[in-house]
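# Inside the fold
Below, each chain spelled out in residue letters.
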Amino acid sequence: MRAHVITFGCQMNEYDTLTIQSELVAGGHDLVDHPRDAQLILLNTCAVRGKPVEKVVSVLGDLRKEKAAGRDLAIGLMGCLAQLDEGREIARKFGVDLLVGPGAITDILPAIEAFEAARDAGAARSRIDRLDFRTDLVGHLTPPPAFGTLTGFVTIMRGCDHHCTYCIVPQTRGPEVSRPLAAILHEARAMRDQGVEEVVLLGQNVNSYGRDDPAVPSFAELLRAVADVGFPRVKFTTSHPMNFTSDVIDAIAETPGVCDYVHLPVQSGSDRVLRRMAREYRRERYLEIVAELRAKLPDVVLTTDIIVGFPGETEEDFAQTLALYDEVRFDAAYMFAYSARPGTPAHARFDDLPREVKSERLGRLVERQKHWSLEANRRFEGREVRVLVKELGRDGVHAVGHSDQHHTVLVPATQVQRMGLHTVRVEHATPHALYGRLAGTRHDAVALPLAS
Ligand code: 5AD
Ligand code: SF4
C-alpha cells in the first residue's frame, strides 16, 4: 500500500516513526510524502496531555469526512493514545482500521496483512488491534537516517518504572527495558558513517539505563561508549533527578563530545506537591544536583519541565516553585498547566483546580522564566559558540541551528554556504535565542546546499 505516517509528540515518537517506516518499506509498502496520496495513513500519537489528544481527534475527524465522501483509505492509530481505553473509544468513534500500541510497533506488518486479508475476503470491516509490549522491540535495529541528516536519535531504553501520579506514560509505554549496548552502538556507528554530527540518546529516564539488566552497562558508561564512536556531539534526554548520579556528571565533564547540556525536569518547587506527584526526590536533593552540576560543569545549560496547578497546589506551594526558579535560574523551561489524564492516579484521587487558577499561575511563571532565560542567554554575548546550522529560518533571512548547549542560534543566511558545524560569535541574546555571525567554518562539515 502507499503509506504515510503523521507523528505527534516527543522525540521518542519521532524515532518510533523511523522504525514504523522501515517496517513498512521492508514489508513492500511505499512511503508517500503527502497524506492525500496515501492508501494507508498511520497516526503516531501522544497522550501525555489533553491538547495533543485533541489534535489527533481533529485529524481523525477530517479523515472520517474523506472516507464518508468515498475515499478508499485505511487509518491506523499508533503511539501512546492507541494503548489507552480513551484511544480505543476514539478509534471506535472515528472508524479506525488498525490500533497498534507503542510496544507493538513491530507488529505493524502482520496487522496490515490481517486487515488486507479481511478486506479482500469481503468481510465487514472490523478493527485489527495489536497492543502487546513486545520484548523483541529493544533489539530491533532502526536503519540510519538519510545521508546529510545532521542530528540522529537513538532510543536507549523504552518504558518507565516511575509512577508519577499525573503521568500516563507508564501505562502507554510499559515497564523500563534497556536496549542492548551492541544494538545502540550499531545504530550509532551507522549514523556516524552517514555523516550525522550530533547523536541524541533518548529514553523516558535515560539515567535508569541498565538498571533492569545486569548485562548492560550503566548510563555513565554508555555515554562514554557512544562518545567513543566519534561524534562531535552527544546529547541525551530525559533525565530524572531520582537517579541522576555523580558518575553521570563525571562522564559529562570528562568526555569531550558529551555536551554541557542537561534537561532535568523538576515538576514543582514544593515538597508537598512533589510528594503528591509521587516524585521520588525532594527540593533539597534537586538543588544538590544543580550545585554539583555547576561545580563540575561551570558552563552547563540547565533546562527543566514544570507542571503548574497540580491538584491541591496552594499559592504557598506555587510561591516555592517561583522561589526555586529564582534560586536555580534555569536557562529554559517547558512549562505546562496540569492536564488531568483519565487512567492516572491523580485523575482518580484528586480534584482539578479551576482552569483560571492554572492559567494565571502559568502566566506568572512564564514571565519569570523569560527574565531568567534572558539573563542566562546574555552571558553568551560576545562569546564564541559552536553551532550545528541545520536549516533556513522561517523569516528567510536567518539560518538556524543549535549550540552545543542547545540554545537556538540564528545567523545571517547569506553567510552560510553549507549546513553543518560552525563557530558563531554571539552578538545579541533574547530570552529564546542567540543571534550572531559566523566566526569560522569547519571545512569538513557535511555538505548540504542551503538552497536545497
Ligand atoms: N499534565 C501536564 N503536564 C504533564 N506532563 C506529563 N504529564 C502531564 C500532565 N498530566 C509533563 C511533565 C513531563 C513532560 C514531558 O510533560 O512535565 O516532564
Ligand atoms: Fe511520566 Fe514520571 Fe515516568 Fe517521566 S518519570 S515518564 S513523568 S511517570
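As shown above, the structure is provided for reference.
Presented here is a report on the structure given in the accompanying data block. (Residues numbered from 1 in each chain as written. Chains lettered and ligands numbered in written order. Predicted model: local features only at pLDDT ≥ 70, side-chain atom pairs only at ≥ 80, totals over all residues. Heavy atoms only, no water.)

### As for helix α2 (residues 50-68)
Counted only if it meets this: Numbering goes from the N terminus for both helices and strands, where a helix is a DSSP run of H or I of at least four residues and a strand is a run of E of at least two. Multiplying one less than the number of residues by 1.5 Å gives the expected span of a helix. Accessible area is worked out with a 1.4 Å probe on protein chains only. A residue is then buried under 20% of its type maximum, exposed over 50%, and partly exposed in between. Here, residues are in contact when the closest pair of their heavy atoms is within 4.5 Å.
Across its 19 residues, α2 extends 27 Å between first and last C-alpha, which sits within 8% of the 27 Å expected from 1.5 Å per residue. Every buried residue of α2 is listed here: Gly 50, Pro 52, Val 53, Val 56, Leu 60, Gly 61, Leu 63 and Lys 67. Against the buried residues of α2 lie β3 (40-45), β4 (74-79) and α3 (85-93). Looking one or two places after α2, you find Gly 70, whose phi comes out positive at around 105°.

### Focus: the nonpolar core
Side chains of a nonpolar character, in soluble globular proteins, are inclined to be buried together. The condition that has to hold: To form a nonpolar core, buried Ala, Val, Leu, Ile, Met, Phe, Trp, Tyr and Cys residues must be joined to one another through side-chain atoms within 4.5 Å.
Membership of the largest hydrophobic core comes to 66 residues, with the highest contact counts inside it found for Leu 201, Phe 219, Leu 223, Phe 236 and Phe 244. A per-element tally of this core places helix α7 (residues 219-228) first, with six residues. Apart from residues no more than four positions distant in its own chain, Phe 219 is found in contact with Ile 156, Leu 201, Val 206, Asn 207, Tyr 209, Phe 236 and Val 248. Among the nonpolar cores identified, the runner-up in size contains 24 residues, and Leu 43, Val 56, Ala 82 and Ile 90 belong to it.

### Points about the sheet that holds strand β7 (residues 151-155)
Heads up, the condition is: A strand pair is defined by DSSP finding two or more bridges across the two strands. Comment: axis = line fitted to C-alpha atoms, over the contacting stretch for helices; angle = value between 0 and 180 degrees taken between N-to-C directions.
The sheet built from three strands is open, its strands ordered β7-β10-β11 with parallel pairing. The open sheet has two edge strands, β7 and β11 (233-237), and neither has a second partner. Each strand axis lies, on average, 25° off the axis of its neighbour in the sheet, ignoring direction. Sheet topology places strand β10 (residues 198-202) next to β11; five bridges connect them, and they run parallel. By the bridge assignment, Val 200 is partnered in β11 with Lys 235. Seen against the sheet, helix α6 (residues 181-193) touches β7 and β10 and runs at an angle of roughly 170° to β7.

### Some words on the site of ligand 2
Heads up, the rule is: When at least one non-hydrogen atom of a residue lies within 4 Å of a molecule or strand, that residue is treated as near it. Each residue gets one label: Ala, Val, Leu, Ile, Met, Phe, Trp, Tyr, Cys and Pro are nonpolar, Asp, Glu, Lys and Arg are charged, and the others, such as Gly, are polar.
Near ligand 2 the following residues occur: Cys 160, His 162, Cys 164, Tyr 166, Cys 167, Val 169, Pro 170, Gln 204, Asn 205, His 240 and Arg 279. Within the shell around ligand 2, the residues separate by chemical class into six nonpolar, four polar and one charged.

### So, the packing of α7 against helix α8 (residues 246-254)
Let me state the cut-off plainly: We call two directions roughly parallel when the angle between them is under 35 degrees, roughly antiparallel when it is over 145, roughly perpendicular when it lies between 65 and 115, and oblique otherwise. For any helix crossing, the convention is left-handed if the near helix is rotated counterclockwise from the far helix by under a right angle, and right-handed if that rotation is clockwise.
At a minimum axis distance of 8 Å, the contact between α7 and α8 shows a crossing angle of 15°. Taken together, the axis directions place α7 and α8 in an arrangement best described as roughly parallel. In the packing of α7 onto α8, the handedness of the crossing is right-handed. Across the interface between the two elements, Phe 219, Ala 220, Leu 223 and Arg 224 of α7 pack against Asp 247, Val 248, Asp 250, Ala 251, Ile 252 and Glu 254 of α8. Among the residues forming the contact of α7 with α8, the class breakdown is six nonpolar, no polar and four charged.

The values reported here are purely geometric and, on their own, carry no functional implication.
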